[in-house]
Amino acid sequence: MNYRQMMYLDAVVRYGSINHAAKALEVSQPNLSRAINKLEEEIGHHLLKRDVKGVQLTREGRRFYNLSHDIVRKTMALNQVYQTDADRQTLTFQLATFPQHVTQVIVRELVGQFAEDDSYEMIVWNLGMKEFIQVVRQYKCEIGVVFLTPGESENYRKIIRENGLDYHEVSAIRPCVNVSRHNPLYNRQAVSVSELESYPMARYVEDEVSYLDYRTLDFTRFKKSVFFNSDEAIATFVAQTDAFKIGYSWTRQEYEELGVRCIPLVDDIGLLYLGWVSRKNEGLSHMAARFVQLFEKRYRFE
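Residues numbered from 1 in each chain as written. Predicted model: local features only at pLDDT ≥ 70, side-chain atom pairs only at ≥ 80, totals over all residues. Heavy atoms only, no water.

A.B. asks: Would you explain helix 2 (residues 18-25) in this entry?
C.D. replies: For an α-helix, 3.6 residues make a turn, and residues three or four places apart therefore share a direction. Taken together, the buried positions of helix 2 are occupied by Ile18, Ala21 and Ala22. Taken down its axis, helix 2 places every buried residue within 100° of arc, on the same side. At its buried positions, helix 2 is contacted by helix 1 (3-15), helix 3 (29-43), strand 1 (48-51) and strand 2 (54-57). Where helix 2 starts, the residue carrying a side-chain oxygen 3.3 Å from the main-chain nitrogen of asparagine 19 turns out to be serine 17. Positive phi shows up at glutamate 26, right after helix 2, with a value of about 60°. (Buried < 20%, exposed > 50% of the residue type's maximum accessible area, 1.4 Å probe, protein only. Helix = DSSP H or I, 4+ residues; strand = E, 2+ residues; numbered from the N terminus. Arc of directions from axis to C-beta. Contact = heavy atoms within 4.5 Å. Polar contact = N/O pair within 3.5 Å; in protein donor to acceptor, adjacent residues only side chain to side chain.)

A.B. asks: For this particular structure, what's the right way to read the nonpolar core?
C.D. replies: One recurring pattern in soluble globular proteins is that nonpolar side chains are buried together. Formed by 26 residues in total, the largest nonpolar core has its most connected members in Phe93, Leu110, Trp250, Phe291, Phe295 and Tyr299. Secondary-structure elements contributing two or more residues to this core are strand 3 (91-97), helix 5 (101-112), strand 5 (143-148), strand 6 (165-173), strand 12 (272-279) and helix 10 (286-299). When residues in this core are grouped by element, the largest group, seven residues, is from helix 10. Grouped together as the second largest cluster of nonpolar side chains are 23 residues, Tyr8, Leu47, Val55 and Met76 included. (Core = buried A, V, L, I, M, F, W, Y, C linked by side-chain atoms within 4.5 Å.)

A.B. asks: Got a minute to help me understand the packing of aromatic side chains in this structure?
C.D. replies: Both the distance between ring centres and the angle between the ring planes are used here to describe each pair of aromatic rings. All chains considered together, the criterion is met by eight aromatic pairs. With centroids separated by 5.8 Å and ring planes inclined at 80°, the aromatic side chains of phenylalanine 147 and tryptophan 250 adopt a geometry described as edge-to-face. Remark: tryptophan 250 occurs in the loop between strand 10 (245-247) and helix 9 (252-257) and phenylalanine 147 occurs in strand 5; sequence separation between them is 103 residues. Overall, the relative accessible area of 3% leaves phenylalanine 147 in the buried class. Judged by its relative accessible area of 3%, tryptophan 250 is buried. Their ring planes at 15° and their centres at 5.9 Å tell us that phenylalanine 291 and phenylalanine 295 sit as a pair that is stacked. Placement of the pair is phenylalanine 291 and phenylalanine 295 together in helix 10, with a separation of four residues, close to one helical turn. Residue classification places phenylalanine 291 among the buried positions, given a relative accessible area of 1%. (Phe/Tyr/Trp six-rings, centres within 6.5 Å; stacked < 30°, edge-to-face > 60°.)

Read these as layout, nothing more, since geometry by itself doesn't imply function.
Structure follows, in structure tokens:
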């Protein structure tokens, strides 16, 4: 076996498709397939299987990949540090996240740290909690940003462990209320849940992993609700109306730039948790490690 074969397998797992991996590597699909077939012949095991979900690792494939993946990542990191400009390769990084401002902020910071001549490909998957746990477990994404609500915190920690992932908690904070100048509560120093009932509530479509849940806050008491599938859309809507959202102070600065305040809640409805997940006992690529460094630096002491 050789490094090229391991790199090809790594790309197939990352993109979930032999065709997509071949395009990314700028090689022909038949050549890539032959390289992996030769690898399978050399080790005496099938590594990949095809099904309706695309290309998946076999049981032996997962074992082989767990070992070869770290070699590929470390080799790519060494190349990035020591290769000449003429040999410079494209850095790749795939990140899974619930659609939040906290992730967008760090992605912008990460992009800003690359030089003009750097080549990179970053893919950010905005997914529900259960979905992105699966894409990290299946090697489609290297890490995932985790946002845990009070009522579902322990349940998702268990799911994360059962899927062979490590959870790295960064910080825990109490929820706040986000409102703009269009809402009469804008100048208040603190707000109770009961005071919010007469205003529209902006929230995520997916209740299961929305800012809070039914175990800590009874959503049925709010008779006016507007649903969105991204934090950015919610923030924009709140900035332009008298609507509110139950949110967090991790991105207070970004919200204030939109004219939206983060006002403390009087009610004690539990803590919100922010962290990231990765596969157990695996090193991170250069880009993933840098993302985590920026992520923890910004949110660790909130």
